[in-house]
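Each chain is listed here by its residues.
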Amino acid sequence: MRLSKELLPVLDGKKDIQAPVEDHLRLPEKVLQFGTGVLLRGLPDYFIDKANKTGLFNGRIVVVKSTGKGTTDAFAEQDGLYTQCIRGIEDGQAKQENILNAAISRVLSAATQWQEILQCAENPAMEIVISNTTEVGITLTDDDVHAVPPVSYPGKLLAFLYRRYEYFKGSADKGMVIIPTELIPDNGRKLRDIVLELAASNNLPEAFIRWLSSANHFCNSLVDRIVPGALPAAEQQEMEAALGYEDALMIMSEVYRLWAIETTDAGVKERLGFAAADKGVVLAPNINVFRELKLRLLNGTHTLSCGLAFLAGFDTVQAAMEAPDMEAAITALMMEEMAPAITDIYITETAATQFAASVLDRFRNPHIAHQWLSITMQYTSKMKMRNVPVLLRHYQRSQEAPHWISLGFAAYLLFMRSERGADGAFKGTVNGETYTIQDDHASWFYEQWKRLEPSVLVKEVLANTALWGTDLTLLKGFAPAVNNMLQQLLQHGAKAVVENFNHANAGK
């Protein structure tokens, strides 16, 4: 039997799923969402559904499907309902939940139902716009706001807001709270600037542009949750058998969740009533702290660990965390070097260590198969953006070379050693297996490894200000430490280096 609203009475009270009641399907539409992707369904829509179930928000979502790929049929056939299977580790304990989400009221296609989308602007209950149109979506294009529909997301948003302005005759209380979730810094501010520029280039009235600026709130936001999407086929069949229905929209997500929204406005906070339903929603005057924690402790640790773990023979993050020595190395890197380095007047030691602990739980999640090799994509730029600032901050606190960061740099250098394939791709080799290096600097590293001895290569690479924005050989003891680690990796292999260091330091 296919999931639909007719099943709700049967599911009410069932222990293995958190189901809505039929009244939740009659809540007013308060949110317009651009995007049908699994991140939106697994995070913002999760929070809104949870708030509805506890009576804190009482509003549903109209979803706009902007791309031409696929159809909206599955949403229509299932009355917007879908199952979210939450799997992972929280506070060191395994956690598992199944949630039947009823937050979506309908899904409209921008290509074929544009007028219906614009009619949503005439709904006085509409208060919030959410988007995830990928980072490319928030860009300025030469868009026609009167097209059916406009091509870009900012163009579609502008058309919606202009219809709302005209319908409500510029009423100040009919502006929207607009929250992009695209993974770019200052996403709200950038979207606002693009929409204002589009309004001017489309020669829209000055009175509207003033209303656009004063009555609408564009909030920067940061989202963080791994939502792989569909379950593996066998697991999906098992879930459907247990729940008693088929679900073409079923998704899986990790336990960890964060939606940090930047605002100081009391009216905005009131409209975002769903925030009170879950600790994962944070309304703050500045969300840079959350961005810094994620960038350094999660992304930075991933980047410093990926080469080392991959060279040690681990394919996935979770597999590395199952190996005691590798798990100890990743934990020490994060807890002993990364977290202390970013602690300052904005990030407390407690906040850093708590976030680090949650990241380690996420790394251990047996339901997420995060490939180390995929993390190595654009390895060099990630090292510069994520880890060089942490290294420099370490040296502001200590003049001793950080052991695990040095080892991470050495593993990165070894990972970048390659041969040029017949197809022009640069291939590395580990344990008799080849891998493709996907990095814009792969050719340069290929040349350096061909002409330089490892000890000279270390100095050449670390001194390259074009790569790092600074000369890393000027950091006391860092180049010798990286060179020493690289020599050990070359002589003994990554797995043995990690094991030997952990055993040598056991009990210290």
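For the structure, check the block above.
Please read all numbers here as calculations on a predicted model, not as lab measurements.

Regarding the sheet that holds strand β4 (residues 93-101)
Then comes step 1: On the basis of which strands lie adjacent, the open sheet formed by three strands has the order β4-β3-β10 and mixed pairing. In the strand order of this sheet, the two ends are held by β4 and β10 (251-253), each with one partner. Recorded for the sheet is a direction-independent mean angle of 20° between the axes of neighbouring strands.
Then comes step 2: Here strand β3 (residues 82-90) runs beside β4; their pairing, made up of nine bridges, is antiparallel. By the bridge assignment, Q84 is partnered in β4 with I99.

Considerations on the packing of aromatic side chains
Then comes step 1: Here the structure, examined in full by the defined rule, presents 25 aromatic pairs.
Then comes step 2: With a centroid separation of 5.4 Å and an interplanar angle of 70°, the aromatic rings of Y379 and F415 are classed as edge-to-face. Of this pair, Y379 sits in helix α16 (residues 379-397) while F415 sits in helix α17 (residues 403-415), placing them 36 residues apart in sequence. A single burial state applies to Y379 and to F415, both of which are buried.
Then comes step 3: Between Y412 and W468, the aromatic rings sit 6.0 Å apart at their centres with planes inclined by 75°, giving edge-to-face as the arrangement. Remark: W468 occurs in helix α20 (residues 465-468) and Y412 occurs in helix α17; sequence separation between them is 56 residues.
Then comes step 4: Aromatic rings pair up to connect F310, Y379, F409, Y412, F415, Y435, W444, F445, W468 and F478 into one cluster.

Cut-offs applied
- Residues numbered from 1 in each chain as written.
- Predicted model: local features only at pLDDT ≥ 70, side-chain atom pairs only at ≥ 80, totals over all residues.
- Heavy atoms only, no water.
- Pairing = 2+ DSSP bridges.
- Helix = DSSP H or I, 4+ residues; strand = E, 2+ residues; numbered from the N terminus.
- Axes fitted to C-alpha atoms, helices over the stretch in contact; angles between N-to-C directions.
- Phe/Tyr/Trp six-rings, centres within 6.5 Å; stacked < 30°, edge-to-face > 60°.
- Buried < 20%, exposed > 50% of the residue type's maximum accessible area, 1.4 Å probe, protein only.

It is worth stressing that arrangement in space is one thing and function is another; only the former is reported here.
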